[in-house]
Amino acid sequence: MFNDVETRVMTITPAIAQEWLDGATDFTNRPVKEAILIKYARDMANHVWQMNGETMKFANRNGSPIMIDGQHRALACIKSGESFTSLVVHGVLEETYKSMDSGTIRQPSDFLSRSGHQYVHSIVAAARMLFACRVSGNPTARGRGSVATNQEILDMVSATPELETSAVAVYSIAGGHSKLLTPAISTYLHYRFGQVDPDWRDLYFQGLYLGAGLKAKSPILLLRNRLVDNLSSPTKLTHTTRTALAIKAWNALIEDRQIAMLKWSGKKEKFPNIEGLD
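Structure report, in brief. What you see is a predicted model, and the numbers here were worked out from it, not measured in a lab.

Basis of the calculations
- Residues numbered from 1 in each chain as written.
- Predicted model: local features only at pLDDT ≥ 70, side-chain atom pairs only at ≥ 80, totals over all residues.
- Heavy atoms only, no water.
- Patch = residues over 30% accessible without salt bridge, like charges linked within 9 Å, V, L, I, M, F, W, Y side chains within 5 Å.
- Areas by Shrake-Rupley, 256 points an atom, 1.4 Å probe, with all protein chains shown as cover.
- Salt bridge = Lys/Arg side-chain N within 4 Å of Asp/Glu carboxyl O.
- Helix = DSSP H or I, 4+ residues; strand = E, 2+ residues; numbered from the N terminus.
- Buried < 20%, exposed > 50% of the residue type's maximum accessible area, 1.4 Å probe, protein only.
- Pairing = 2+ DSSP bridges.
- Axes fitted to C-alpha atoms, helices over the stretch in contact; angles between N-to-C directions.
- Contact = heavy atoms within 4.5 Å.

The next point concerns a nonpolar patch on the surface. A cluster of nonpolar side chains, Tyr119, Val168 and Tyr171, forms an exposed patch at the surface whose accessible area comes to about 280 Å². Tracing the sequence through the fold places Tyr119 in the loop between helix H4 (108-114) and helix H5 (120-136). A relative accessible area of 30% means that Tyr119 is categorised as partly exposed.

Now for the pattern of salt bridges. A full pass over the atoms with the stated rule returns seven salt bridges. Of the charged contacts in the structure, one is a salt bridge between Arg61 and Glu94, with a shortest N-O distance of 2.5 Å. Remark: Glu94 occurs in the loop between strand S4 (84-90) and H4 and Arg61 occurs in strand S2 (residues 55-61); sequence separation between them is 33 residues. Under the relative-accessibility criterion, Arg61 is labelled partly exposed at 24%. One salt bridge connects Arg201 with Asp202, and the closest N-O pair in it is separated by 2.7 Å. Accessibility expressed as a relative area gives 13% for Arg201, which makes it buried.

Here we have four strands laid out as an open sheet, ordered S1-S4-S2-S3, and mixed in their pairing. Of all the strands in the sheet, the pair left with one neighbour each is strand S1 (6-12) and strand S3 (64-69). On average, each strand axis in the sheet is tilted by 35° relative to the strand beside it, whichever way the strands run. Contacts from helix H1 (residues 14-23) reach S1, S2, S3 and S4 within the one sheet, and its direction differs from that of S1 by about 125°.

Structure, rendered in structure tokens:
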């Protein structure tokens, strides 16, 4: 059986990818996942797609090859207009399709852990937020184009070592109070606020997590109370709402504004910008 399997390295052009897709029209493939397609195409367009040993697989049906694995890569090749190099395997049994892609997918945190980084899940999540903000203006956006690829996350972490510094600082300050804001939100905001004013940033997080030096009408006290109440509330604030409220409290703090109420309505308000950032 294995004598019929052939493997070779090929450069797949958009024309070849289209030919392979056209030849597999009668093969019942999984539905196209648009988010994955966009991420693959972006990596190809940015020339960071790498040949890593994964294969494009073909089965023989009535003497003709039919692609049974590689649909998203082929579509991404066409969408990006860029060729890519891959291992191509011919002669795989068609019934093996159901066993493909059953392993655990490696995440950016796996690669960062191997490189000796600390608090990798917080760093990766904060990098995702930073990427989303640069694309859409909203760090919690999950729409098309706002979700970073693994390579984009790793590039972001490499270019922004301060994210790890912030992750370490947040863990040190927050301790058991980290549930007020998720480690991802805290790490992201710690880094972003530090770009504006590190001293005010430190006062903000010490006040939020430790309750240190908060006056009665402090916007940080309003935020802290709102988040503490949220812990026991049956209706939890969303990830987006908590991030927006934290930014609004920061804006009031550095503008020295006293506010009577801290609220954000996603239906009526745009996501707030961080005051002081360019």
